[in-house]
2 protein chains.
Amino acid sequence: MLRTHTCGELRLEHVNQEVTLSGWVQRIRDKGGILWIDLRDRYGLTQLILEEGVEAEALLEAARELGREFVVQVHGKVIERLSKNDKIPTGAIEVRVQELKVLNPAKLPPFLIEDETDGGEDLRMKYRYLDLRRAPVRRNLELRHRLMQETRRYLDGLNFIEVETPVLIKSTPEGARDFVVPSRMNPGEFYALPQSPQTFKQLLMVSGFDRYFQIVKCFRDEDLRADRQPEFTQIDCEMSFVTREDILRTFEGLIRHLFSKVKGLDLPELPRMSYQEAMEKYGSDKPDIRFGMEFVELNDVAQGKGFSVFDSAELVVAITAPGCASYTRKQVDELTEFVKKPQIGAKGLVYVRYNEDGSLKSSVDKFYDQEALKTWAETCGAQPGDLILVLAGEKNPTRKALNELRLLMGDRLGLRNRNEYKALWVVDFPLLEWGEEEQRWFAMHHPFTSPWPEDIDKLGTDPRAVRANAYDLVVNGVELGGGSIRIFDRKLQEKMFEVLGFTPEEAKAQFGFLMEAFEYGAPPHGGIAFGFDRLSALFGGADSIRDFIAFPKNNSGRDVMIDSPSPIDEKQLKELNIDLRSGVTHS
Amino acid sequence: MLRTHTCGELRLEHVNQEVTLSGWVQRIRDKGGILWIDLRDRYGLTQLILEEGVEAEALLEAARELGREFVVQVHGKVIERLSKNDKIPTGAIEVRVQELKVLNPAKLPPFLIEDETDGGEDLRMKYRYLDLRRAPVRRNLELRHRLMQETRRYLDGLNFIEVETPVLIKSTPEGARDFVVPSRMNPGEFYALPQSPQTFKQLLMVSGFDRYFQIVKCFRDEDLRADRQPEFTQIDCEMSFVTREDILRTFEGLIRHLFSKVKGLDLPELPRMSYQEAMEKYGSDKPDIRFGMEFVELNDVAQGKGFSVFDSAELVVAITAPGCASYTRKQVDELTEFVKKPQIGAKGLVYVRYNEDGSLKSSVDKFYDQEALKTWAETCGAQPGDLILVLAGEKNPTRKALNELRLLMGDRLGLRNRNEYKALWVVDFPLLEWGEEEQRWFAMHHPFTSPWPEDIDKLGTDPRAVRANAYDLVVNGVELGGGSIRIFDRKLQEKMFEVLGFTPEEAKAQFGFLMEAFEYGAPPHGGIAFGFDRLSALFGGADSIRDFIAFPKNNSGRDVMIDSPSPIDEKQLKELNIDLRSGVTHS
């Protein structure tokens, strides 16, 4: 090796040892005839020292010619530092340089390689390999690595077998848009990249591999929102001969294992909440339960008093913001503006201040006297000093809007602490949701999710009422994973496709292989998949997944570093039996 | 769980316990009022027993209606078997059935789910999920799983970090043909699927991640030979601040770790052999050193005696097949036919029998007397009873042909034992090879491989003589992995592209990002990649990788189980801004 130690390794106990280090020049200080160089590698920083009159002049000269990010190899002796730096693990020592070799010079980097950089997003993406040198980004990838290894260790320990499923598979119209790959050997035909290995993992269950997992790349050709990537990573799992209970316990175990091994946190047993309850109490199927501020329905106490907005509403629902009675008019107006934003969609916001003196002041005093407001406050469990915020309207959009308001208030009140983790299972989702635009039913999870056995009869008569044997794992308001017990009976699977509007021919053409497999001895099975990018970001205390991916793409799906996608030449197109559509040209 | 134990778990110590098992019906025997059922799962087989007069009539009746591959759950009591079966771990017990539940019936499978099946290749591929039920295939995937886990364990233990590199990258004309993916968001542009993460892992080195690995899918759109897959898996590794010696030691360690942990074999230190020596002694850069039969050059002793075939040959070269002097005329003729096959390409074969009585008999007695043949035998180190086989012609094709003959003789003489493993490093490959057809130089490994420093000057003057700092790991004649110390200097990389016939513009358009990265402080680095499918097959003692891949494709690149690739609809094509070429149509 071109080093005897890393730049994060030397301590007082190494004093007087001769060592060789290799790394990047982080910083040079030249003061009073002494030259200090901070040498950096993945493991840390070590201070080098060269002194006029002590070291040879030529060596000092060579050191003075170094620039930031030069790659150098030094040989020298470890000495104790006079003024120690207790902020870094190597801060008690420095290395007196005896030999110095430039392994590779460096141009001045386009932005600072420091924890806080001056580089904008675009520049850092173009020079991603330089951004990855910064300690915060490097630590994110190290965290991701650790999570991967611990995930495998846990699952391997439970006899799960890691099986690689194909990347070149078959395009299916259900679900998101597929990326496709033209086949040269089969003209006019295409592979698709998997959105998930769903059907393959189910086939592995049919094969008798009763515990499968894979940490696997998946692909979706969707318009990219801020925090979506065309390729993403899943922890994909499936088990046979299990009930929902077995799956929840097994993967609750995984999450607790990861928190314990990677964060040193002991997560308590995960509570469970039905989809219904989550919607009623939090207006979201991924409630952030780090804080209360639960929804309270006020229909009973607020309707019938002549306030037509409430009277005509399907739902009147409130949250209580503790200690916010003192909010100024301006602050309350801001909240009103917030809920009226098009993406939130509320018509307005009613508030009730529960003043410290016990009096109540609302924006609807015209319709509600102190007595009435008192009843509201009691219903909400509000205390003097609190602020009650009320929305009204149709059930679903109103809950959705109040969820946003609740999260905003949680942020404002500092109740969403990044270092606190509250996890739960959300269970009993509806099996289907109605697509207004397409005028047909869609699977809320996917078409392979099993309905509750007692609800199967309603598939034909009352699809909305059918509950799915599905579950989501939610941490801090983030959906980390989701899964279900699967259908393993051909007839029920056919029925499901029928409800989803497939003709029998379409169902057979797309998923015939799976339905046929169900006839050759398919065991009861179920599984789950975790968004691994999201999991890494959550463990890293960050909102964006991008900094937890080594080489992410931007919002146009471009890798600006390698400049991809890019045109291909006519010879390639011809071999693939495809043409660009007229009007689309690239040089 | 729908079971208390697996079907591979019960032993004498469980006798009298009540257990629940779930699994597949492997076999039913109904004899003398007693019904035995072999129940199978991933872990083994357990014998169930039901007896007339003991168990209820209804239960017996239900059991008699079971068919092969039915999925059932049984509850019963473990009892000691009267006649034990010591061939299976559960052979000392059986389970007396008290309850029986059919979880899913099964149609009669299209082939036998037994270690030896009656199913042909096509049928087994179409019903791959049934083929995967067979113990030998299942064991292959279990072996693969174990190899993956142990690979990660070893590398993680050495501070290697697993980083996922992108799957949607950029098409480059160098190397094999790319699979491409049309970009919907960037009309007329395409991603490519990676043939390897080569440039990304080098960028990670520039980023300072000094030890990287990944077990990663790679893709090549090449015409498929018997044992190639369009998607395959690599163990991909790279290290910084290392010399070749460091890399060889680190990955020799990996291979020895895998043999030790997975096969229980202690591999000795790996010998090293130069490419030159491998070609001279074995006619192959992946010599099978489980057996000797090394090449011996006979030019000195065989030329100049009037046999024009030898006299005009660049190379006269022999192997000695021990104990084969007694080969019949027919047997020798077969060998001659073999080497004359077009894919072997020799013009003919000369043999010398070294009879037990010390006399020598050759096919060229006309030109060589006993004295002369004796000299051959001495040169070859042959003993009475051996057969000397001689080829002559141009150096490279003659060596290649003799390599094939050597391997054939090794097989015939039982010298290529599947349970014996002999590994070595082949080093010092040529950097370049001449493409006769294209009339240009090609990189033997890839364009990023570093030449030996002392050979760099010859790049412009004598490219053929430039040695690469490259190495292959070869086990039993199979190339398991290969790698090199990389170029990390922009100028040298530019020179390399120039030698390969790139214009500066082409080099910049394709690999500009990498060459630019080299200017910002690239450390010396090198790496290696192992073919993981091949590694698994080798450990499994098999020649074909196909049975070590869960869902392989056939020789036309088709997955016949899911019927992929397949046509996509006009809407998809339009969104992707592509058209099928005229003449290519699919319904």
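How each quantity is defined
Numbers given for residues are sequential positions, taken from 1 along each chain in its written order. Chains and ligands are labelled sequentially in the order written, the chains with letters from A and the ligands with numbers from 1. Reporting in this predicted model follows two pLDDT cut-offs: at least 70 for local features of residues, and 80 or more for side-chain atom pairs to be given and counted; totals over whole chains, interfaces and linings ignore these cut-offs and use all residues. With hydrogens and water set aside, each side-chain value is computed from the structure's full complement of heavy atoms. UniProt positions are given in the numbering used here, feature names are shortened, and annotations may be inferred rather than shown by experiment. The rule for a disulfide is simple: a pair of cysteine sulfur atoms within 2.5 Å. Accessible area is worked out with a 1.4 Å probe on protein chains only. A residue is then buried under 20% of its type maximum, exposed over 50%, and partly exposed in between. Secondary structure is summarised from DSSP: a helix means a run of H or I of at least four residues, a strand means a run of E of at least two, and numbering begins at the N terminus for each. Here a residue-residue contact requires only that any non-hydrogen atoms of the pair lie within 4.5 Å. Each polar contact in these results corresponds to two N or O atoms within 3.5 Å; when the atoms are within protein, one needs to be able to donate a hydrogen and the other to accept it, and residues that are neighboring in sequence are counted only if both atoms are side-chain atoms. Superposition of the copies used a least-squares fit over C-alpha atoms from residues whose pLDDT is at least 70 in both. By definition, a salt bridge exists where a carboxyl oxygen of Asp or Glu is found within 4 Å of a side-chain nitrogen of Lys or Arg. Two strands are said to pair when DSSP picks up at least two bridges between them. All axes here are fitted lines through C-alpha atoms, helices being fitted over the stretch that makes contact, and every angle between N-to-C directions spans 0 to 180 degrees. For this analysis, a ring pair means two rings from Phe, Tyr or Trp (six-membered ring only for Trp) whose centres lie within 6.5 Å, classed as stacked if their planes differ by under 30 degrees, edge-to-face if by over 60, and tilted for the remaining angles. The rule is short: NZ of Lys or CZ of Arg within 6 Å of the ring centre and within 35 degrees of the ring normal puts a charge over the ring. Segmentation into domains, and thus their bounds, comes from an automatic or database assignment. A simple way to read buried area is as the amount of 1.4 Å-probe accessible surface that goes missing from two parts once joined, with both sides added. Nonpolar residues are Ala, Val, Leu, Ile, Met, Phe, Trp, Tyr, Cys and Pro. Charged residues are Asp, Glu, Lys and Arg, and all others, Gly as well, are polar. Roughly parallel covers angles under 35 degrees, roughly antiparallel covers those over 145, roughly perpendicular covers 65 to 115, and oblique covers all other angles. Note: crossing handedness is left-handed where the near helix turns anticlockwise from the far helix by less than a right angle, and right-handed where it turns clockwise. Each helix should span, by expectation, one fewer than its residue count multiplied by 1.5 Å. Charged residues are defined here as Lys and Arg on the positive side and Asp and Glu on the negative side; His and the ends of the chain fall outside this count.

In the annotation of an unreviewed UniProt entry, the entry for chain A reads Aspartate--tRNA ligase, and the organism field reads Catalinimonas alkaloidigena. Per UniProt, the comment on chain A under Catalytic activity (unreviewed entry) is "tRNA(Asp) + L-aspartate + ATP = L-aspartyl-tRNA(Asp) + AMP + diphosphate". Its UniProt record gives chain A a comment under Subunit (unreviewed entry), which states: "Homodimer."

(A) Quick look at the state of the cysteines. All names here are of chain A. Under the counting rule described, the total for this entry stands at 0 disulfides over all chains. Cys-237 takes part in no disulfide bond, and the closest cysteine sulfur, belonging to Cys-218, lies 12 Å away. With relative accessibility at 0%, the residue Cys-237 sits in the buried group. Here Cys-324 is not cross-linked by a disulfide; its sulfur's nearest cysteine counterpart is in Cys-380, at 14 Å.

(B) Highlighting the UniProt feature "binding site: ATP" (unreviewed entry) in chain A. According to UniProt, the "binding site: ATP" (unreviewed entry) feature falls on Arg-220, Asp-221, Glu-222, Gln-229, Glu-479, Gly-531, Phe-532, Asp-533 and Arg-534 of chain A. Residue position: Glu-222 of chain A is located in the loop between strand 9 (211-219) and strand 10 (231-240). For Glu-222 of chain A, a relative accessible area of 23% corresponds to the partly exposed category. Not counting chain neighbours up to four residues away, the residues in contact with Glu-222 of chain A comprise Ala-176, Arg-177 and Arg-228 of chain A together with Arg-184 and Met-185 of chain B. Within the structure, the side chain of Glu-222 of chain A is placed 2.7 Å from the backbone nitrogen of Arg-177 of chain A, a separation counted as a polar contact. Looking at where Asp-533 of chain A falls in the secondary structure, it is placed in helix 16 (residues 532-539). With residues up to four places along the chain from it excluded, the contact list for Asp-533 of chain A reads Arg-144, Phe-232, Thr-233, Ile-545, Phe-548 and Ile-549 of chain A. At a separation of 3.0 Å, a polar atom in the side chain of Asp-533 of chain A contacts the main-chain amide nitrogen of Thr-233 of chain A.

(C) Highlighting the relation of the copies chain A and chain B. Superposition record for chain A on chain B: RMSD 0.1 Å, screw rotation 180°, translation along axis 0.0 Å. In the structure described here, the two chain copies are related by an operation that fits a two-fold rotation axis. Most of the interface of chain A is mirrored in chain B, where 100% of its interface residues again form contacts.

(D) Summary view of the pattern of salt bridges. According to the stated counting rule, one finds 116 salt bridges over all chains in the structure shown. A salt bridge links Glu-494 of chain A to Arg-490 of chain A, with the nearest nitrogen and oxygen atoms 2.9 Å apart. Taken together, the positions of Glu-494 of chain A and Arg-490 of chain A, both in helix 14 (residues 490-499) and 4 residues apart, correspond to about one turn of that helix. Note on Arg-490 of chain A: relative accessible area 18%, which makes it buried. Salt-bridge contacts for Asp-579 of chain A lead to Arg-581 of chain B; the nearest nitrogen and oxygen are separated by 3.3 Å. Separated into two different chains, Asp-579 of chain A in strand 23 (residues 578-580) and Arg-581 of chain B in the segment after strand 23 (578-580) make up a pair that spans both.

(E) How the structure looks around the sheet that holds strand 1 (residues 18-31) of chain B. All names here are of chain B. On the basis of which strands lie adjacent, the closed barrel formed by 5 strands has the order 1-2-3-5-4 and mixed pairing. Across this sheet, the average inter-strand angle for adjacent strands is 55°, counted without regard to direction. Bridge count for strand 4 (residues 71-80) against strand 5 (residues 93-104) is 10 bridges, and the pairing is antiparallel. By the bridge assignment for strand 5, Val-74 is matched with Leu-100.

(F) Looking closely at the environment of Leu-193 of chain B. The topology assignment puts Leu-193 of chain B in the loop between strand 8 (190-192) and helix 5 (198-206). Residues Leu-193 of chain B and Arg-144 of chain B lie 49 residues apart in sequence; the distance between their C-alpha atoms is 24 Å. Look past the residues within four positions of Leu-193 of chain B in its chain and what remains in contact with it is Leu-168, Val-181 and Leu-193 of chain A together with Val-167, Leu-168, Ile-169, Asp-178, Phe-179, Val-181 and Phe-219 of chain B.

(G) Spotlight on the pairing of strand 5 of chain B. The pairing of strand 3 (residues 44-51) of chain B with strand 5 of chain B spans 2 bridges and is classified as parallel. Residue pairing across strands places Leu-48 of chain B opposite Val-95 of chain B, the latter belonging to strand 5 of chain B.

(H) Summary view of the packing of aromatic side chains. Applying the stated criterion to the full structure yields 46 aromatic pairs over all chains. With 6.1 Å between their ring centres and 85° between their planes, Phe-179 of chain A and Tyr-191 of chain B make a pair best called edge-to-face. Placement of Phe-179 of chain A in the loop between strand 6 (161-162) and strand 7 (180-182) and of Tyr-191 of chain B in strand 8 is noted, with the two residues assigned to different chains. For the pair shown, Phe-179 of chain A and Tyr-191 of chain B are each scored as buried. Positioned above the aromatic ring of Tyr-127 of chain A is the side chain of Lys-126 of chain A, whose terminal nitrogen or guanidinium carbon lies 5.3 Å from the ring centre. Note that Arg-406 of chain B overlies the ring of Phe-291 of chain B, its terminal NZ or CZ placed 3.9 Å from the centroid.

(I) How the structure looks around the domain arrangement of chain A. Domain boundaries in chain A define domain 1 (12-104), domain 2 (138-273 + 423-549) and domain 3 (291-412). Measuring from the centre of the C-alpha atoms in domain 1 of chain A to the corresponding centre in domain 2 of chain A gives 51 Å.

(J) Expanded view of the interface of chain A and chain B. Contacts between the two partners involve 130 residues from chain A and, on the opposite side, 130 residues from chain B. Interface area for chain A against chain B, summed over the two sides, is near 11700 Å², with a carbon-plus-sulfur share of 57%. Area buried by chain A at its contact with chain B is led by Phe-241, Tyr-520 and Arg-581 of chain A, which between them contribute 8% of it. The interface formed by chain A and chain B includes 26 salt bridges. In terms of residue count, helix 4 (residues 135-157) of chain A provides more of the side of chain A that touches chain B than any other element does, 11 residues in total. A breakdown of the residues in the side of chain A that touches chain B according to their chemical character gives 66 nonpolar, 25 polar and 39 charged.

(K) Highlighting the packing of helix 5 of chain B against helix 15 (residues 504-517) of chain B. Residue and element names in this part refer to chain B. Relative to each other, helix 5 and helix 15 sit at 20°, their axes nearing to 10 Å. The orientation of helix 5 relative to helix 15 falls into the category roughly parallel. Regarding helix 5 and helix 15, the two cross each other, and that crossing is left-handed. In contact with Thr-199, Gln-202, Leu-203 and Val-206 of helix 5, helix 15 contributes Phe-511, Phe-513, Leu-514 and Ala-517. Of the residues assigned to the contact of helix 5 with helix 15, the class counts are 6 nonpolar, 2 polar and no charged.

(L) Spatial organisation of unusual backbone geometry. For the bond running from Ser-564 of chain A to Pro-565 of chain A, omega is 5°, close enough to zero to count as cis. Within the secondary structure, Pro-565 of chain A is located in the loop between helix 16 and helix 17 (570-575). Of note, the phi angle at Phe-241 of chain B is positive, near 60°, even though the residue is not glycine. Note that Phe-241 of chain B resides in the loop between strand 10 (231-240) and helix 6 (244-263).

(M) Summary view of the sheet that holds strand 22 (residues 525-531) of chain B. Residue and element names in this part refer to chain B. One open sheet accounts for 8 strands, arranged 6-9-10-22-21-20-17-11; its pairing is mixed. Edge positions in the sheet fall to strand 6 (161-162) and strand 11 (272-274), since each of these pairs with one other strand and no more. In the packing of helix 5 onto the sheet, contacts are made with strand 9 (211-219), strand 10 and strand 22, and the angle to strand 10 comes to roughly 20°.

(N) Focus on helix 12 (residues 395-412) of chain A. All names here are of chain A. In a regular helix each residue adds 1.5 Å, so 18 residues correspond to 26 Å; helix 12 covers 26 Å between its end C-alpha atoms and thus fits that length. Thr-398, Arg-399, Ala-401, Leu-402, Asn-403, Leu-405, Arg-406, Leu-407, Leu-408, Met-409 and Gly-410 are the residues of helix 12 that are buried. The secondary structure elements touched by the buried residues of helix 12 are helix 7 (275-282), strand 12 (296-297), strand 13 (315-321), helix 10 (329-340) and strand 16 (387-393). Phi turns positive, to about 65°, at Gly-414, one or two residues after helix 12.

(O) Up close: the side chain of Asp-559 of chain B. Relative to the helices and strands, Asp-559 of chain B resides in the loop between helix 16 (532-539) and helix 17 (570-575). Despite its burial, Asp-559 of chain B pairs with no opposite charge; the closest candidate is Lys-553 of chain B, at 5.2 Å N-O. The residues touching Asp-559 of chain B, leaving out its near neighbours within four places in the chain, are Phe-200 of chain A together with Lys-553 and Ser-564 of chain B.

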